Amino acid sequence: MNQPKRIKRAISGWVVLNKPYDMTSTQAVGKVRWLFGAAKAGHAGTLDPLATGILPIALGEATKAVPQVQDGTKIYRFAIKWGSATTTDDAEGAVVATSEIRPERAALEAVLPQFIGTIMQRPPIFSALKIDGERAYDLARAGEAVELQPRQIDVDDIVLVEHGTEQSVLEVTCGKGTYVRSLARDIAEALGTRGHVSILHRAAVGPFHDADAVTIEQLEALAQDERDALLKPVWAGFADLPEIRLDASQATAVRHGNAVLLTGASAPISLDECWVSFKGEVLATGWVEFGQFKCRRVFN
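A brief look at the structure comes next. (Residues numbered from 1 in each chain as written. Predicted model: local features only at pLDDT ≥ 70, side-chain atom pairs only at ≥ 80, totals over all residues. Heavy atoms only, no water.)

## Structural notes on the overall build of the protein
What the protein contains, in helices and strands, is eight helices and 18 strands. Principal axes of the C-alpha set define a box for the protein whose edges measure 70 × 60 × 40 Å. With 300 residues in all, the protein has 47% of them scored as buried. In the protein, 69% of the contacts between residues at least 6 apart in sequence involve partners at least 24 apart. In the form shown here, the protein has an accessible surface area of approximately 15,300 Å², with 51% of it arising from carbon and sulfur atoms. Each charge sign in the protein was given a centre, from 32 positive and 37 negative side chains, and these centres are 7 Å apart. (Helix = DSSP H or I, 4+ residues; strand = E, 2+ residues; numbered from the N terminus. Buried < 20%, exposed > 50% of the residue type's maximum accessible area, 1.4 Å probe, protein only. Contact = heavy atoms within 4.5 Å. Areas by Shrake-Rupley, 256 points an atom, 1.4 Å probe, with all protein chains shown as cover. Lys, Arg positive; Asp, Glu negative; His and termini not counted. Charge placed at Lys NZ, Arg CZ, Asp CG, Glu CD.)

In structure tokens, the structure reads:
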């Protein structure tokens, strides 16, 4: 007998998932979407299958906020395994070069400032970046020579958490587009040795942190209404942005995508990015120019 088809719900909000090891981001979104019976879902920033940690999953209207969250600051905790470089720059790949050199703590701490600030980084050949419409990892798996151009990235800070002769643990705070696997490879090479990422955990994405996260097992153990109660509101994705509260007439105008003049002594004259609300509900994201709020994305 066929199972009854699950009814998709128009549910909106954020699930801050602690993605498990050996699961793709797409699989994680599919699982969460199914658990919530959500009509629409997406994620804010891919995590490698071998990585764990924060994968913000947007349901319903929250999918409109994905770009803002994706652009947010990220924190990764990772381990560099010293002495071997791999095809993938992590533990999944085949070893392609080795070195007997094991860096001293002082030497490692001395090179880290080279990797802080706005730097150029060569992405791993096993990445989702496209070359002539093809994913780099598909070309690399097919045995083709992959050449990716260095890209500019922003690294706010790198801290050495734990040092050992075979492996060291670091924490990096960085911007969008940073490949931790490349960082590990390049730090090892700067020390005259080889290395690859052996452990990778994302501790934060934008406003979402480890403390907010739930596991798939925790979600599975809950009843539907308990699960729904765990959903963070759509506006949680904008927690790092200024909020402007509107009155009823302004809210009506914004719902139709119109610009509104902001009034009151504390009304901003200019803002690059912000969001507006009415009675606690997010209405739109946008910017302020000459005292007028202009819509970028309107929420239902």
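## Here's the deal with the sheet that holds strand β14 (residues 243-245)
Taken in spatial order, the five strands make up an open sheet running β14-β16-β17-β18-β15, and their pairing is mixed. The open sheet is flanked by β14 and β15 (260-261), the only strands paired with a single partner. (Pairing = 2+ DSSP bridges.)

## Remarks on the pairing of strand β16 (residues 271-278)
Summarising the sheet, β14 and β16 pair through three bridges and their orientation is parallel. Note that in β16 the partner of E243 across the bridge is W275. Pairing analysis gives six bridges linking β16 to strand β17 (residues 281-289), with the strands arranged antiparallel. Each residue of the ladder has a partner; that of C274, found in β17, is G286. What sits between the antiparallel neighbours β16 and β17 is a turn of two residues, in which K279 has the positive phi angle 55°.

## Topic: the packing of aromatic side chains
This model, assessed by the stated rule, comprises four aromatic pairs. One aromatic cluster is present, built from ring pairs that chain together W235, F238, W275 and F299. Just above the ring of F299 sits the side chain of K64; from NZ or CZ to the centre is 5.7 Å. (Phe/Tyr/Trp six-rings, centres within 6.5 Å; stacked < 30°, edge-to-face > 60°. Lys NZ or Arg CZ within 6 Å of the ring centre and 35° of its normal.)

## Here we look at helix α1 (residues 25-36)
The terminal C-alpha atoms of α1, which comprises 12 residues, lie 17 Å apart, in line with the 16 Å expected from a rise of 1.5 Å per residue. Directly beyond the C-terminal end of α1, a positive phi value near 60° is found at G37. (Expected span 1.5 Å × (residues − 1).)

## So, the side chain of H201
The topology assignment puts H201 in strand β12 (residues 195-205). A distance of 3.0 Å separates a polar atom in the side chain of H201 from a polar atom in the side chain of D210. Residues in contact with H201, not counting those within four places in the same chain, are N18, T52, G53, I75, Y76, R77 and D210. (Polar contact = N/O pair within 3.5 Å; in protein donor to acceptor, adjacent residues only side chain to side chain.)

## A closer look at the environment of A91
By secondary structure assignment, the location of A91 is in the loop between β5 (84-86) and β6 (95-98). With relative accessibility at 48%, the residue A91 sits in the partly exposed group. For A91 and K81, which are 10 residues apart along the polypeptide, the C-alpha to C-alpha distance reads 8.8 Å. Not counting chain neighbours up to four residues away, the residues in contact with A91 comprise H196 and V197.

## Brief notes about the state of the cysteines
Counting across every chain of the model gives zero disulfides. Looking at C274, it has no disulfide partner, and the nearest cysteine sulfur is the one in C295, 9.7 Å off. (Disulfide = S-S within 2.5 Å.)

## Describing the pattern of salt bridges
One pass over the structure, following the stated rule, counts 14 salt bridges. With a shortest N-O distance of 3.1 Å, K176 and D71 are connected by a salt bridge. With K176 in the loop between β11 (167-174) and α5 (180-190) and D71 in the loop between α2 (66-70) and β4 (74-82), this pair connects stretches of sequence that are 105 residues apart. In this structure D71 comes out as partly exposed when scored by relative accessible area, which is 47%. For the salt bridge of K294 with E289, the shortest nitrogen-to-oxygen distance reads 2.8 Å. (Salt bridge = Lys/Arg side-chain N within 4 Å of Asp/Glu carboxyl O.)

Remember that the coordinates give geometry; whether it matters functionally is a separate question.
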